[in-house]
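Inside the fold
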Amino acid sequence: MDLVRRDRPLAGRRVLIIVENLPLPFDRRVWHECRTLYAAGAEVAVICPTGKGYDARYEEIDGIHIYRHSLPLDASGAAGYLLEYGAALFHEMRLALKIARRHGFDTIQACNPPDLIFLVALPFKLFGKRFIFDHHDINPELYEAKFGRRGFFWRLMVLFEKWTFRSADVVISTNESYRAIAMDRGGVAPENVFVVRSGPDLNRLDVTGAGPQWHNGRAHMVGYVGVMGAQEGIDLLLEAAQIIVQDRDRDVQLVLVGGGPALDGLKTQAARMGLQDYVTFTGRAPDAELFEVLSCADVCVNPDRVNPMNDKSTMNKILEYMAFSKPIVQFDVTEGRFSAGDASLYAAPNDPADMADKILELLDDPARAAEMGAFGRNRVESELSWDHQVDTLIAAYTRVVDKSRA
């Protein structure tokens with residue numbers, strides 16, 4: 001990053017980034033991208049939704065212009081998503097025109113989901129603007145994971161994905177699995193696809209002292225960070241917790257950090273299972289609280305169900321666990337194994353009993369847990385942290401300029 005600040009390879013560039021599902025700077029991946037582009041000399045503006053603690057319609061943070069808009073609801077069904085995405089597109093186009101007048105931009109970077117933001121970019125492409133697609137989620141697989149079926153809306157997801165890839169001058173993929181999808185399913189030339197992983201910025205992580213309140217007076221604490229949605233498998237994690245607490249009679253607290261459409265239902269499920277005193281739901285939490293939970297957890301978990309979506313996706317939580325030197329238990333998925341390697345134990349697919357066994361295995365062997373945590377931290381430092389993604393991000397922006405000149 002220091003070289004980027006010194007050389008300023010993007011000086012004179014003006015970038016508009018659009019993200020629909022999370023506010024900034026809460027979305028850490030996109031915020032790392034914004035700060036990197038700004039450090040490289042670009043002027044950066046962002047369009048994103050409002051959210052808890054991020055209500056201002058405009059603010060400038062670290063030199064980055066953030067424009068936020070409201071959304072009608074936290075969608076949980078197909079009709080709800082149509083309403084949410086329709087409202088988002090209206091506000092994104094409205095704010096893009098406003099930013100074009102106030103700041104100007106030469107490149108639009110769209111961060112999915114959904115694969116509809118190309119509709120905002122297309123009119124500007126007619127006037128010579130460039131379009132970069134930052135591919136966060138594979139939406140046909142995400143739809144199938146959420147609703148357990150294919151059908152009309154699934155076919156729409158496939159169509160929107162195809163149009164997005166065809167509209168993009170350059171694609172940024174979060175891992176090699178997504179890069180293969182861009183080339184094979186999207187028909188994007190290999191030289192126009194860049195892998196920029198969602199690595200944590202180690203300079204901005206705060207490893208704090210123990211937070212005894214999170215243990216709730218218990219001997220051990222297991223931590224989870226992420227979205228509370230259907231495909232995240234939190235219901236399987238609660239079943240594992242029930243086995244640990246009730247069947248094995250172990251003194252363990254589970255702390256779940258994050259918000260999402262399934263949060264209320266998960267709280268109800270935990271109470272119905274008799275786990276209300278053993279499971280803490282923080283909801284969406286500020287970084288200070290998140291860092292405190294991760295700092296004092298004995299083991300961290302990723303219960304994402306094994307399905308085509310999760311198998312090919314890199315989960316930010318895994319890299320954050322590793323950055324905090326935490327041993328991990330997760331179900332065995334391709335990209336999860338690539339990221340964590342020996343920092344994780346891998347439970348049988350979607351098997352809460354095996355996940356419970358693996359968690360207890362680490363709680364009962366603190367020396368092995370510490371060794372796994374150290375391996376994960378070293379892997380982040382040497383390969384996966386955000387500092388290792390900076391050059392590729394700059395290369396993607398350099399490529400889009402070279403293409404338009406050609």
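Please read these numbers as outputs of a predicted model, since none were measured by experiment.

Let's shift gears to the overall build of the chain. The number of helices and strands found in the chain is 17 helices and 14 strands. In summary, the chain has a C-alpha radius of gyration of 21 Å against a globular reference of 22 Å for 406 residues, a match within 12%. With the principal axes as the frame, the chain shows a C-alpha extent of 65 × 50 × 40 Å. In the chain, buried positions account for 58% of the 406 residues. Here the chain displays about 16,300 Å² of accessible surface, and carbon together with sulfur accounts for 51% of that area.

All chains considered together, the criterion is met by 2 cavities of 30 Å³ or more. Approximately 70 Å³ is the volume attributed to the largest cavity. Forming the boundary of the largest cavity are Val222, Leu237, Ala241, Ile244, Val245, Val252, Gln253, Leu254, Tyr278, Val279 and Ile359. Mapped onto the lining of the largest cavity, the elements with two or more residues apiece are α9 (234–247) and β10 (252–257). Residue contributions to the lining of the largest cavity peak at 4 residues, all from α9.

Looking now at the sheet that holds strand β11 (residues 279–283). One key point about sheets: their strands pair by backbone hydrogen bonds, in either a parallel or an antiparallel sense. Pairing in this open sheet of 6 strands is parallel, and the strands run β11-β10-β9-β12-β13-β14 from one edge to the other. Of all strands in the sheet, those with a lone pairing partner are β11 and β14 (344–347), marking the two edges. With direction set aside, neighbouring strand axes in the sheet form an average angle of 25°. The pairing of strand β12 (residues 299–302) with strand β13 (residues 328–331) spans 3 bridges and is parallel. What sits directly across from Cys300, in β13, is Ile328. On the sheet, α9 packs against β9 (220–225), β10, β11, β12 and β13 and is oriented at approximately 165° with respect to β10.

Ordered in space as β3-β4-β2-β1-β5-β6-β7-β8, the 8 strands form an open sheet in which the pairing is mixed. One side of each edge strand has no neighbouring strand; the edge strands of this open sheet are β3 (58–61) and β8 (193–195). Ignoring strand direction, the axes of neighbouring strands in this sheet form an average angle of 20°. Each of β6 (130–135), β7 (170–173) and β8 touches helix α7 (residues 176–184); the most contacted strand, β8, lies at about 170° to it.

Moving on: unusual backbone geometry. Omega for the bond connecting Leu24 with Pro25 falls within 30 degrees of zero, at 5°, which places this linkage in the cis form. Considering the arrangement of structural elements, one finds Pro25 in the loop between β1 (14–19) and α2 (28–39). Residue Pro114 is bonded to the preceding Pro113 through a cis peptide linkage, with omega at 0°. Looking at where Pro114 falls in the secondary structure, it is placed in the loop between β5 (107–111) and α4 (118–125).

Ranked by internal contacts, the top residues of the largest apolar core, which has 63 residues, are Leu256 and Met322. Looking at this core, the element that brings in the most residues is α9, giving 9 residues. The contact partners of Leu256, leaving out residues within four places of it in the chain, are Tyr224, Met228, Ile234, Leu237, Val279, Thr280, Phe281, Thr282 and Gly283. Judged by nonpolar contacts, the second largest core, of 37 residues, contains Ile47, Leu95, Phe124 and Ile181.

Between α9 and helix α15 (residues 352–363), the shortest axis-to-axis distance is 8 Å and the interhelical angle comes to 60°. Classified by the angle their axes make, α9 and α15 are oblique. In this structure, the crossing between α9 and α15 has a hand that is right-handed. Residues Leu236, Leu237, Glu239, Ala240, Ile243 and Ile244 of α9 form the contact with α15, whose own contacting residues are Pro352, Ala353, Met355, Ala356, Ile359 and Leu360.

Once that is clear, we can look at the pattern of salt bridges. Summed over the entire model, instances satisfying the criterion amount to 23 salt bridges. Across the pair Glu320 and Arg28 runs a salt bridge whose closest N-O atoms are separated by 2.8 Å. In this pair, Glu320 is assigned in helix α13 (residues 316–323) and Arg28 in helix α2, connecting sequence segments 292 residues apart. Taking relative accessible area as the criterion, Glu320 reaches 11% and is therefore assigned buried. Overall, the relative accessible area of 21% leaves Arg28 in the partly exposed class. The closest approach of N and O atoms between Asp201 and Arg35, which form a salt bridge, is 3.4 Å.

Attention now goes to helix α5 (residues 139–147). Every buried residue belonging to α5 is among Asn139, Pro140, Glu141, Leu142, Tyr143 and Phe147, and all of these are buried. Downstream of α5 by a residue or two, Gly148 has a phi angle that is positive, lying close to 65°.

On the secondary structure map, Thr50 appears in the loop between β2 (43–49) and β3. By relative accessible area, which is 23% here, Thr50 ends up partly exposed. Sequence separation between Thr50 and His69 is 19 residues, and the spatial gap between their C-alpha atoms is 5.6 Å. Discounting residues that sit within four places of it in the chain, Thr50 has contacts with Pro23, Asp55, Arg57, Arg68, His69 and Ser70.

In this model, the second largest pocket occupies a volume close to 280 Å³. Here the element with the most residues in the lining of the second largest pocket is α2; it accounts for 4 residues. Class assignment for the residues of the lining of the second largest pocket results in 9 nonpolar, 4 polar and 6 charged.

Taken as a whole and judged by the stated rule, the model has 0 disulfides. Left unpaired, Cys111 is separated from the closest cysteine sulfur, that of Cys34, by 7.7 Å. Residue Cys111 is classed as buried on the basis of its relative accessible area of 0%. The structure places no disulfide on Cys300, whose sulfur is separated from the nearest cysteine sulfur, that of Cys296, by 9.2 Å.

What counts, and at which threshold
- Residues numbered from 1 in each chain as written.
- Predicted model: local features only at pLDDT ≥ 70, side-chain atom pairs only at ≥ 80, totals over all residues.
- Heavy atoms only, no water.
- Helix = DSSP H or I, 4+ residues; strand = E, 2+ residues; numbered from the N terminus.
- Rg over C-alpha atoms; globule rule 2.2 N^0.38 Å.
- Buried < 20%, exposed > 50% of the residue type's maximum accessible area, 1.4 Å probe, protein only.
- Areas by Shrake-Rupley, 256 points an atom, 1.4 Å probe, with all protein chains shown as cover.
- 1 Å grid on protein atoms, 1.4 Å probe; cavity = no way out; pocket = protein on both sides within 12 Å on 5 of 7 lines; lining within 4 Å.
- Points joined across faces, edges and corners; volume = space filled by probe spheres on them.
- Pairing = 2+ DSSP bridges.
- Axes fitted to C-alpha atoms, helices over the stretch in contact; angles between N-to-C directions.
- Contact = heavy atoms within 4.5 Å.
- Core = buried A, V, L, I, M, F, W, Y, C linked by side-chain atoms within 4.5 Å.
- Parallel < 35°, antiparallel > 145°, perpendicular 65-115°, else oblique.
- Left-handed = near helix turned anticlockwise from the far one by under 90°.
- Salt bridge = Lys/Arg side-chain N within 4 Å of Asp/Glu carboxyl O.
- Nonpolar A, V, L, I, M, F, W, Y, C, P; charged D, E, K, R; others polar.
- Disulfide = S-S within 2.5 Å.

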